Amino acid sequence: MTDMTDPAADAARAAAAILIVAIATLAWTIYNDPRERTRTRPQPETIARQVRITLRDQDTHLPPGTEHITDIIATEIIHRAPPHD
């Protein structure tokens, strides 16, 4: 066994990590958008839907599984974020 890695596998892992960070950043921005701020927290489905719409509007190519990743990120943001003031 050698220490060499598969460049294609490395590229796929890097692309997945970049996608996760991009979705998380967009979802957090949507969650914190002052125009959308209300006394109640938005539902995870609302955030996930807005993320998907934004990515689709930007003609972003999304690999399979992106919807599931988006749902998980939106749910975690809602559960871990401080309440809106």
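A brief report on the enclosed structure follows. (Residues numbered from 1 in each chain as written. Predicted model: local features only at pLDDT ≥ 70, side-chain atom pairs only at ≥ 80, totals over all residues. Heavy atoms only, no water.)

**Some details on helix α3 (residues 66-80)**
- With 15 residues, α3 should cover 21 Å at 1.5 Å per step; its first-to-last C-alpha distance of 21 Å lies within 8% of that length.
- Three or more residues of α3 are buried, namely Thr-66, Thr-70, Ile-73, Ala-74, Ile-77 and Ile-78. Down the axis of α3, the buried side of the element spans an arc of 130°, and every buried residue falls inside it. Facing away from the buried surface of α3 by more than 90 degrees, the exposed residues are His-68, His-79 and Arg-80. (Helix = DSSP H or I, 4+ residues; strand = E, 2+ residues; numbered from the N terminus. Expected span 1.5 Å × (residues − 1). Buried < 20%, exposed > 50% of the residue type's maximum accessible area, 1.4 Å probe, protein only. Arc of directions from axis to C-beta.)

**As for the packing of aromatic side chains**
- Under the criterion given, the structure shown has one aromatic pair.
- Ring geometry for Trp-28 versus Tyr-31: centroids 5.5 Å apart, planes at 25°, classification stacked. In this pair, Trp-28 and Tyr-31 both sit in helix α1 (residues 7-32), three residues apart, roughly one turn of the helix.
- Judged by its relative accessible area of 39%, Trp-28 falls in the partly exposed class. (Phe/Tyr/Trp six-rings, centres within 6.5 Å; stacked < 30°, edge-to-face > 60°.)

**Considerations on the packing of α1 against α3**
- Two elements in contact, α1 and α3, have axes separated by 10 Å at closest approach and are oriented at 45°. If you check the angle between α1 and α3, you find them oblique. Note on packing geometry: the crossing formed by α1 with α3 is right-handed. Together, Leu-19, Ile-20, Ile-23, Ala-24, Ala-27, Trp-28 and Tyr-31 of α1 and Thr-66, Ile-69, Thr-70, Ile-73, Ile-77 and Ile-78 of α3 make up the contact between the two elements.
- The residue inventory of the contact of α1 with α3, partitioned by class, reads eleven nonpolar, two polar and no charged. (Axes fitted to C-alpha atoms, helices over the stretch in contact; angles between N-to-C directions. Parallel < 35°, antiparallel > 145°, perpendicular 65-115°, else oblique. Left-handed = near helix turned anticlockwise from the far one by under 90°. Contact = heavy atoms within 4.5 Å. Nonpolar A, V, L, I, M, F, W, Y, C, P; charged D, E, K, R; others polar.)

**Here we look at the pattern of salt bridges**
- Inspection of every chain in the model, using the stated rule, returns three salt bridges.
- Two residues, Arg-52 and Asp-71, come together in a salt bridge whose shortest N-O distance is 3.1 Å. Placement of Arg-52 in helix α2 (residues 44-57) and of Asp-71 in helix α3 is noted, with a sequence separation of 19 residues between them.
- Judged by relative accessible area, Arg-52 falls into the partly exposed class, the value being 24%.
- Notably, a salt bridge pairs Arg-80 with Glu-76, separated by 2.6 Å at the nearest N-O pair. Residue Arg-80 and its partner Glu-76 are both found in helix α3; the two are separated by four residues, about one turn of the helix.
- Taking relative accessible area as the criterion, Arg-80 reaches 67% and is therefore assigned exposed. (Salt bridge = Lys/Arg side-chain N within 4 Å of Asp/Glu carboxyl O.)

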